[in-house]
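# Observations on the model geometry
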Amino acid sequence: MDRVKGKIMSKDAFLNNVPYAKEPYEGILVSADTKNNQYNIAVQLSENKVLVVDQVSDSEIKDSLLEWIPRVNDIQIQYGVDNDPENYA
């Protein structure tokens, strides 16, 4: 499997000044990009590091989440994340 590419950034920067942010599933974060009328989807790599994997419109968010959620663990493994449930404590 090819390594998933995306922008690695701090969780704080990903969530900074956004009117909407949610963690719909363990390891997935969604934030609103109101300037571009889109949503950013990221996989959490550590307590304060995320990999932005997608940017989609409002009408595409549900389908995109259905695509990314099953891949969270594989992406985290690719980036060397220890999948210990206490990882985000």
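Residues numbered from 1 in each chain as written. Predicted model: local features only at pLDDT ≥ 70, side-chain atom pairs only at ≥ 80, totals over all residues. Heavy atoms only, no water.

### Considering the sheet that holds strand β5 (residues 49-56)
Taken together, five strands build an open sheet; the order of strands is β1-β5-β4-β3-β2 and the sheet is antiparallel. What marks the edges here is a single partner per strand, and that holds for β1 (7-10) and β2 (21-25). Recorded for the sheet is a direction-independent mean angle of 35 degrees between the axes of neighbouring strands. Taken together, the three bridges between β2 and strand β3 (residues 28-33) define a ladder with antiparallel strand orientation. The residue of β3 that forms the bridge with Ala 21 is Ser 31. (Pairing = 2+ DSSP bridges. Helix = DSSP H or I, 4+ residues; strand = E, 2+ residues; numbered from the N terminus. Axes fitted to C-alpha atoms, helices over the stretch in contact; angles between N-to-C directions.)

### Notes on the confidence of the model for the protein
Scored by pLDDT, the protein has a mean of 88; 90% of the residues are at 70 or more. Looking over the protein, one finds the lowest element-wise mean pLDDT in β2, namely 89, and the highest in β5, namely 96. (pLDDT = per-residue confidence, 0-100.)

### Quick notes on the nonpolar core
In this structure, Ile 28, Ile 41, Leu 51, Val 53, Trp 68 and Ile 75 are the most contacted members of the largest nonpolar core, which totals 16 residues. What Leu 51 contacts, discounting residues up to four positions off in sequence, is Val 4, Gly 6, Lys 7, Ile 8, Ile 41, Ala 42, Val 43, Leu 45, Ile 75 and Tyr 79. (Core = buried A, V, L, I, M, F, W, Y, C linked by side-chain atoms within 4.5 Å. Buried < 20%, exposed > 50% of the residue type's maximum accessible area, 1.4 Å probe, protein only. Contact = heavy atoms within 4.5 Å.)

### Quick look at helix α2 (residues 61-68)
By the burial criterion, the buried members of α2 are Ile 61, Ser 64, Leu 65 and Trp 68. Buried residues of α2 fall within an arc of 100 degrees about the axis and therefore sit on the same side. Among the exposed residues of α2, those oriented more than 90 degrees off its buried face are Lys 62, Asp 63 and Leu 66. Where α2 is buried, its residues touch β2, β3, β4 (38-46), β5 and α3 (72-78). (Arc of directions from axis to C-beta.)

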